[in-house]
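Read off the chains here:
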Amino acid sequence: MRWITMLYGATATIASTLAGIYLAAWVMQRDNGAYLMFVLLAASIVGVVGTEFWMLHTRTLEEYGLAMRWWHVPTWSGICAIVGLVHLRLRPRFLWVGWLAVALRTVALVANFTSGSSLNYAALTGIDQIRLLGEPLSMATGVPNPWMLAGQVSNVLLLLFILDGGLSAWRRRERQRALSLVLSLLIPVALGTIQVVLVFWGFVQMPVFIAPLMLFIAIAMGYELSIGLLRAVRAEREVQSMDAALGVSAQRLSLAAEASGAGFWSLEGPSEDVWATERTRELFGLPRTGSLNLADFLERVHRRDRTRLKALIEVALRSNDSYRTEFRVLDPDGGVRWLAGLGRCVAETASDPRTLMGVSMDITARRAMQDKIRRQRARLERASRVEALAEFSASMAHELSQPLTMILTNAEAAQALMAQPVPNLSEVREILADIVSADRRAADVIRHARSILERGEPEPEPEPEHLSVNDEIKRVLTLIGSELDDQGVNLSLSLASSLPSVQANGLMIEQVVVNLLNNACEAVAGNRPHERRISVVTLAHADKILVEVADNGCGAPDPKRIFDAFYTTKPKGLGMGLAIVRSIVRGHGGRIWAESAPGRGTTIYLSLPRDGPTS
């Protein structure tokens, strides 16, 4: 049995099989350069096995020299593949050592075809036949070629490069890869280098057996392949587990969407194509099937909300932010439906096309309830004003009735005295003095009433409590947020975290916030719908908290007077809203002031003394 032939055949078969497998893997993963290096290394092993088998079975010196020359070609490609593989898999620190090994091996390959019989022999002097494992093999003798040193130095540099890569991988705690790959490369390269030095420099007379050493490399390639297969199996199991989890999550999401009546959609930024669920199509009154784009949705939006909604979507796509809004859509039968929309822009990288994903819900019933509450509140406010005015009028009538009655009585008495033939002037003087005194008393009553209105001294309120101004602002926005949306106002909130609490009456603070926001809305009413902006900011200071309410409206011509009672710049205003705000703030030990410039808006600052450490 020809054992040598079987050994070489088995090595070539294993290497060819591995080359085909790694080639298929590289075709599927072009970005994995290590697979391509494995293909080149396996092909080089096949070349070394073939040319070396040719050398062992030659009969003439010329044929042996020709086989040896071609033996160095797959040797060169194999060294290039090992350098590339070590670089990609082990990432050594000294990459120049590998490149120098390739350069010297290239020089040796050129010398192999240009000097002497081959790189190893300047001249062949004889060829002998020996029998090994029952098979005749050839070995040659000759004059060593000095250029052989270039190839052997290249082998030494390759050994150093492999060691450097192994140490680098070991430091990175990639010890399993370092041990398996380094040992499988280091052993055949080291043994092969020792063998060629001993044989070709004449220290030992034996045939060249480099190809059997390639089995170590083939084993390493098979080990790497098995590791890759195990990882693929593990990844497939993880994907299956993730798919199952995603399926459960999708079912939960679908159940939640069905329970809430929400519709999901996504908008591709560049193309404006829209994907929408069946519920979303139903909410917008769109066909159940067919492609959709942004224009189809905007066409169903009420014309008063269309421009604002489109501007919000464009801003979200540009700024990568989210948005939340409420708008009206037109039903096919001509009715109007209120929807709440929430969208968020997503993109894997900054350069990727942006996609706006969102959800829409029908809030028509909620809006109807809010409108009903708003109407009831308006009626209650009007009734409160009427009641307050009635009480104030009754109090004024009561206070003025006595001095006015006295004035009338004294005036009638004076008229009677003056009608006498000889009037008693001293008594008339006393009567006139009484009239003057009664008139002054009436004037004092009027002056006192006016001072109450100007100072806004409030009636006794319930005991103050520890409360968060942030919470009061949010509570007010819950009540009047829909009104701001109806007026096309874009509200910006910047509420300080861990804001200290204040000791105040919650209803009074809510009234302050409502009045300030109403005044800001009236100030921006003259702007275009998408340019109506109001911001509310809360800040914490050493001993107080500060609230800023700013608008981009027309501004106030005299900001120092806007808190005076009966001062107003509105055609139908009473001039009492901000006066009441000032009275409430002062009643809580705070301070309020305004800054404004015509055409650039108004900012109202409100400070209240802090009470607790945090809200």
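In what follows, the accompanying structure is described. (Residues numbered from 1 in each chain as written. Predicted model: local features only at pLDDT ≥ 70, side-chain atom pairs only at ≥ 80, totals over all residues. Heavy atoms only, no water.)

1. Here we look at the sheet that holds strand S14 (residues 591–596)
Pairing between the strands of a sheet is mediated by backbone hydrogen bonds and can be parallel or antiparallel.
Argument step 1. In spatial order, the strands read S10-S12-S13-S15-S14; together these five strands make up an open sheet with mixed pairing. One side of each edge strand has no neighbouring strand; the edge strands of this open sheet are strand S10 (489–495) and S14. Across the sheet, the mean angle from the axis of one strand to that of its neighbour is 15 degrees, orientation sign disregarded.
Argument step 2. Judged from the seven bridges that link them, strand S12 (residues 532–540) and strand S13 (residues 544–551) form a sheet pairing that is antiparallel. When the sheet's bridge partners are listed, Ser-535 is paired in S13 with Ala-550. (Pairing = 2+ DSSP bridges. Helix = DSSP H or I, 4+ residues; strand = E, 2+ residues; numbered from the N terminus. Axes fitted to C-alpha atoms, helices over the stretch in contact; angles between N-to-C directions.)

2. Comments concerning unusual backbone geometry
Argument step 1. Positive phi outside glycine occurs at Glu-272, with the angle close to 65 degrees.
Argument step 2. Relative to the assigned elements, Glu-272 resides in the loop between strand S3 (263–268) and strand S4 (273–276).
Argument step 3. Glu-272 gets classed as partly exposed once you look at its relative accessible area, which sits at 39%.
Argument step 4. The phi torsion at Ser-498 lies on the positive side, around 55 degrees, for a residue other than glycine.
Argument step 5. Mapped onto the elements of the fold, Ser-498 is located in the loop between S10 and strand S11 (502–504). (Buried < 20%, exposed > 50% of the residue type's maximum accessible area, 1.4 Å probe, protein only.)

3. A word on the environment of Ala-111
Argument step 1. Following the sequence through the fold, Ala-111 ends up in helix H4 (residues 95–114).
Argument step 2. Between the C-alpha atom of Ala-111 and that of Trp-147, which follows or precedes it by 36 residues, the distance is 6.6 Å.
Argument step 3. Apart from the residues within four sequence positions on either side, Ala-111 is in contact with Leu-119 and Trp-147. (Contact = heavy atoms within 4.5 Å.)

4. Some remarks on H4
Residues that lie three or four places apart on an α-helix share one face, since the helix turns once every 3.6 residues.
Argument step 1. Here H4 is 20 residues long and its end C-alpha atoms lie 29 Å apart, about the 28 Å a rise of 1.5 Å per residue gives.
Argument step 2. Burial in H4 covers these residues: Val-97, Gly-98, Ala-101, Val-102, Arg-105, Ala-108, Leu-109, Ala-111 and Asn-112.
Argument step 3. The inward-facing, buried residues of H4 contact helix H3 (61–90) and helix H5 (148–171).
Argument step 4. Gly-116 occupies a position one or two residues after H4 and carries a positive phi of about 65 degrees. (Expected span 1.5 Å × (residues − 1).)

5. Examining a positive patch on the surface
Argument step 1. A cluster of like positive charges, contributed by Lys-372, Arg-375, Arg-379 and Arg-382, occupies part of the molecular surface.
Argument step 2. For Arg-382, the position within the fold is in helix H11 (residues 364–418).
Argument step 3. Under the relative-accessibility criterion, Arg-382 is labelled partly exposed at 47%. (Patch = residues over 30% accessible without salt bridge, like charges linked within 9 Å, V, L, I, M, F, W, Y side chains within 5 Å. Areas by Shrake-Rupley, 256 points an atom, 1.4 Å probe, with all protein chains shown as cover. Salt bridge = Lys/Arg side-chain N within 4 Å of Asp/Glu carboxyl O. Lys, Arg positive; Asp, Glu negative; His and termini not counted. Charge placed at Lys NZ, Arg CZ, Asp CG, Glu CD.)

6. Things to note about the nonpolar core
Argument step 1. The biggest cluster of nonpolar side chains holds 60 residues, and the ones touching the most others in it are Trp-71, Ile-82, Ile-162, Phe-200 and Val-208.
Argument step 2. Of all the elements, H3 adds the most residues to this core, at 12 residues.
Argument step 3. In this view, Ile-162 contacts Ile-82, Val-86, Leu-90, Val-182, Leu-185, Leu-186 and Val-189; residues no more than four positions away in its chain are not counted. (Core = buried A, V, L, I, M, F, W, Y, C linked by side-chain atoms within 4.5 Å.)

7. Digging into the packing of aromatic side chains
Argument step 1. Tallied over the entire structure, the rule returns seven aromatic pairs.
Argument step 2. Geometrically, the ring pair formed by Tyr-8 and Phe-53 is tilted, given 5.9 Å between the ring centres and 50 degrees between the ring planes. You can see Tyr-8 sitting in helix H1 (residues 3–28) and its partner Phe-53 sitting in helix H2 (residues 33–56), a full 45 residues away along the chain.
Argument step 3. By relative accessible area, Tyr-8 is classed as buried at 2%.
Argument step 4. Summarising the aromatic geometry, the rings of Trp-593 and Tyr-605 are spaced 5.4 Å apart at their centres and angled 15 degrees between planes, so their arrangement reads as stacked. Placement of Trp-593 in strand S14 and of Tyr-605 in strand S15 (residues 602–609) is noted, with a sequence separation of 12 residues between them.
Argument step 5. Residue classification places Trp-593 among the partly exposed positions, given a relative accessible area of 21%.
Argument step 6. Given a relative accessible area of 15%, Tyr-605 falls into the buried group.
Argument step 7. Note that Arg-30 overlies the ring of Trp-26, its terminal NZ or CZ placed 4.9 Å from the centroid.
Argument step 8. When the ring centre of Trp-593 is taken as origin, the NZ or CZ atom of Arg-591, which lies over that ring, is 4.0 Å away. (Phe/Tyr/Trp six-rings, centres within 6.5 Å; stacked < 30°, edge-to-face > 60°. Lys NZ or Arg CZ within 6 Å of the ring centre and 35° of its normal.)

8. Details of the sheet that holds S4
Argument step 1. Strands sit in the order S5-S4-S3-S8-S7-S6 across an open sheet of six strands; the sheet is antiparallel. Lying at the two open borders of the sheet, with one neighbouring strand each, are strand S5 (292–293) and strand S6 (322–330).
Argument step 2. Note: S3 against strand S8 (residues 355–362), six bridges, orientation antiparallel. Note that in S8 the partner of Glu-268 across the bridge is Thr-355.
Argument step 3. The sheet strands contacting helix H10 (residues 303–319) are S3, S6, strand S7 (336–346) and S8, and the helix crosses S6 at an angle near 155 degrees.

9. Points about the side chain of His-588
Argument step 1. Looking at where His-588 falls in the secondary structure, it is placed in the loop between helix H15 (577–587) and S14.
Argument step 2. Of note is the side chain of His-588, whose polar atom sits 3.2 Å from the backbone nitrogen of Asn-505.
Argument step 3. His-588 has contacts with Gln-503, Ala-504, Asn-505, Met-508, Leu-608 and Pro-609, leaving out every residue within four places of it along the chain. (Polar contact = N/O pair within 3.5 Å; in protein donor to acceptor, adjacent residues only side chain to side chain.)

10. Overview of the pattern of salt bridges
Argument step 1. Counting across every chain of the model gives 11 salt bridges.
Argument step 2. For Glu-278, the salt bridge is made with Arg-288, and the minimal N-O distance between the two is 2.1 Å. Placement of the pair is Glu-278 in helix H8 (residues 278–284) and Arg-288 in the loop between H8 and S5, with a sequence separation of 10 residues. Residues Glu-278 and Arg-288 agree in their burial class; the two are exposed.
Argument step 3. As a salt-bridge pair, Arg-279 and Glu-282 come within 3.3 Å of each other at their nearest N and O atoms. With a gap of three residues between them, Arg-279 and Glu-282 both fall in helix H8, about one helical turn apart.

By themselves these figures say nothing about function.
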